[in-house]
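A structural walkthrough
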Amino acid sequence: MLQIQIGAERAADPDDRLGRTTLGWRPGMSEDDAWVAGRGIWKFKADRALAQDEVQIINTEGTVLAVAKITGISKHGDRYALEGELLRGDPRIGHPTSSPHLSRNPVTYI
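Residues numbered from 1 in each chain as written. Predicted model: local features only at pLDDT ≥ 70, side-chain atom pairs only at ≥ 80, totals over all residues. Heavy atoms only, no water.

**As for the nonpolar core**
With 22 residues, the main nonpolar core has Ile4, Ile6, Trp35, Val55 and Leu82 as its most contacted residues. Mapped onto this core, the elements with two or more residues apiece are β1 (2-6), α1 (31-38), α2 (46-50), β5 (54-59), β6 (64-76) and β7 (79-86). For this core, the leading source of residues is β6, giving four residues. Here Ile6 is in contact with Gly24, Trp25, Ala34, Ala37, Gly38, Trp42, Ile57, Ile58, Asn59, Thr60 and Leu65, once residues within four sequence places are set aside. (Core = buried A, V, L, I, M, F, W, Y, C linked by side-chain atoms within 4.5 Å. Buried < 20%, exposed > 50% of the residue type's maximum accessible area, 1.4 Å probe, protein only. Helix = DSSP H or I, 4+ residues; strand = E, 2+ residues; numbered from the N terminus. Contact = heavy atoms within 4.5 Å.)

In structure tokens, the structure reads:
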């Protein structure tokens, strides 16, 4: 599994390659919003990411915000964004992850 940890919500760069106006997490955000905020744009090893079945988007407190099946990646300069199918209503949403994020980097492979 790939796990991406997102911090507090902040404004996105005006030239955000995914067209987002904000990045990060805020209380009460929907699974869809968490997926948009967390799916990219990151530096990661494309082959390792594609070898994973799913991704968890978590906040810095370790709460699962979204879960998606990884279907591909898109390249944005020297970085990547995940493509996938959001698993809406996954029972892990809103609960602490069973795999704590131990990396200093926002992206980790579990």
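Additional details are given in the paragraphs that follow.
**What to know about the pattern of salt bridges**
Across all of its chains, the model carries nine salt bridges by this definition. Here Asp32 makes a salt bridge to Arg88, at a shortest N to O gap of 2.5 Å. Note that Asp32 is positioned in helix α1 and Arg88 in the loop between β7 and β8 (107-109), a separation of 56 residues in sequence. A salt bridge links Arg79 to Asp78; the nearest nitrogen and oxygen atoms lie 3.9 Å apart. Given the relative accessible area of 51%, Asp78 is considered exposed. (Salt bridge = Lys/Arg side-chain N within 4 Å of Asp/Glu carboxyl O.)

**Topic: unusual backbone geometry**
Excluding glycine, a negative phi dihedral is what most residues carry, and trans is how most peptide bonds are arranged. With omega at 5°, the peptide bond leading from Gly40 into Ile41 counts as cis. Within the secondary structure layout, Ile41 lies in strand β4 (residues 40-42).

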